[in-house]
Every structure is written in C-alpha cells, then in structure tokens.
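Chain residues, written in single-letter form:
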Amino acid sequence: VYISPTSLLPVVNSLSQSQEILVNLRQQIDRKPAFVYVRFVAPDTVQADLDDQQYADLEAEKTAEYEQELPPESRKISEAPSREVQDDYELELVLIVEGQKPYLVRPGVTRQQVLEQAKELYENINTFGPYKSASTELYDLLIAPLTETIEAQKIENILFFMPNGLRLVPLA
C-alpha cells in the first residue's frame, strides 16, 4: 500500500491552525516547537505583520513548491506557485510560535548570496572539502537572526520550511 506523503499533511489555512499544530506537537514531544519559513521577497516589499490570508498564502506557496517534487499522482495541488523569485529578492525568515504574532526578520542578503553559500557548502561536503566556513555563513543567515527570540521563547525544536535551492542544507 502506497501512502502519499501529502495525505499525511494537514491542510493549513490560518495562523491559528499552525499554532494549534504547534500546541499538539509540544504535547507529543514535550518540547516547545516553532516553525521557520525561509523565503525570498521582492526588495521593495514592505515588511509588515502577516494576517491570516497572507499566512495562508505563504503556507499554500510552500506546499505547492514541495508537491512539485512529488510524482504527479501524489499531488493535491495541480500547479506550482505562480510567483517567480528573482536573484535580487531578499531573504526573509518568518518564525511562528504558539500564541504569538509571527516574527519576521530580513537579514539584508539576497537570494543569490544565500544560494552561493549553499552551493559552496554542497560542493565542499560532496568533495570532503572544508565546509565549516560555508556552514557558519549559512548559520549566520538562517538561524542567528532568530537566536535571541528563540532563546527568549525557550524554543527547543524548530521545523524549517525551506525554498527550492535550500532544501538539502543540513540544519541539524
């Protein structure tokens, strides 16, 4: 019996649903979890709080990106997101914690810069080369900007939702 990976995923349509998932997860693993959405936004996009519709759009975009990697018969969504991300788009991290408004941060780097660091890390790992510098750079871009909030919220478990080009970055 084949079970589609997407059949196990809940359909998330609101921030409150995600926060409910975090509450349930905390009860199951006995650690405080959080979600981090890693995405790239147009440089002229105004950074503002996410409302339920914007959050639902973000979740739908990530789900559609993920599903494009699955066999067609396993997909729930028929097409990829229409938003085309450019190299000059800026990195944005969205931290979701139960009972809190989303925390958004832009570290001030472009998609091209982040993907170059990821490529360097991939190449060094594949050739058994020195990878510490590239991994430190990626840590500084993807995790360090959230560290103060993660520590203040006592978060112990983070689930990352990565965009295309970064899904193979080893985060643990």
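Scroll up to find the structure this text is about.
What counts and how
Residue numbering note: each chain is counted from 1, following its sequence as written. Note on the predicted model: pLDDT of at least 70 is required for a residue's local features to be given, and 80 or more for side-chain atom pairs to be given and counted; whole-chain, interface and lining totals, by contrast, use all residues. Just so you know, side-chain values use all the structure's heavy atoms and leave hydrogens and water out. Strands are runs of DSSP state E lasting at least two residues, helices are runs of H or I lasting at least four, and both sets are numbered from the N terminus onward. Classification of residues uses two cut-offs on accessible area relative to the type maximum, computed with a 1.4 Å probe and protein chains only: under 20% is buried, over 50% is exposed, and between them is partly exposed. Here, residues are in contact when the closest pair of their heavy atoms is within 4.5 Å. Using the Shrake-Rupley algorithm and a 1.4 Å probe, accessible areas are obtained, with residue cover drawn only from the displayed protein chains. Buried residues of nine kinds, namely Ala, Val, Leu, Ile, Met, Phe, Trp, Tyr and Cys, make up a nonpolar core once their side-chain atoms join them within 4.5 Å.

Peer 1: Quick rundown of the overall build of the protein chain? Include the residues and the values.
Peer 2: Summing up its helical and strand segments, the protein chain has five helices and four strands in all. Walking the protein chain from its N terminus toward its C terminus, one meets helices and strands in the order α-β-α-β-β-α-α-α-β. Residues counted as buried form 38% of the 172 residues belonging to the protein chain. In the protein chain, the share of contacts with a sequence separation of at least 24, taken over all contacts with a separation of at least 6, comes to 68%. In the structure as shown, the protein chain presents an accessible area of about 10200 Å², 51% of it carried by carbon and sulfur atoms.

Peer 1: How would you summarise the environment of Ile155 if you had to cite specific residues and measurements?
Peer 2: Take Ile155: it is sitting in the loop between α5 (147-152) and β4 (157-161). In sequence terms Ile155 and Lys32 are 123 residues apart; their C-alpha atoms lie 5.0 Å from each other. Setting aside its immediate chain neighbours within four residues, Ile155 contacts Lys32, Pro33, Ala34, Leu95, Val97 and Ile150.

Peer 1: Summarise the nonpolar core; cite the residues concerned and give the values.
Peer 2: One finds Val38, Leu91, Leu95, Val114, Leu142 and Leu166 to be the most contacted residues of the largest nonpolar core, which totals 26 residues. Non-local contacts of Leu166, meaning those with residues more than four positions away in its chain, are made with Val38, Phe40, Val114, Leu115, Ala118 and Tyr122. Judged by nonpolar contacts, the second largest core, of eleven residues, contains Val12, Leu15, Tyr55 and Val94.

Peer 1: Report on the environment of Phe160, specifying residues and quantitative values.
Peer 2: Here Phe160 is to be found in strand β4. Sequence separation between Phe160 and Leu171 is eleven residues, and the spatial gap between their C-alpha atoms is 8.6 Å.

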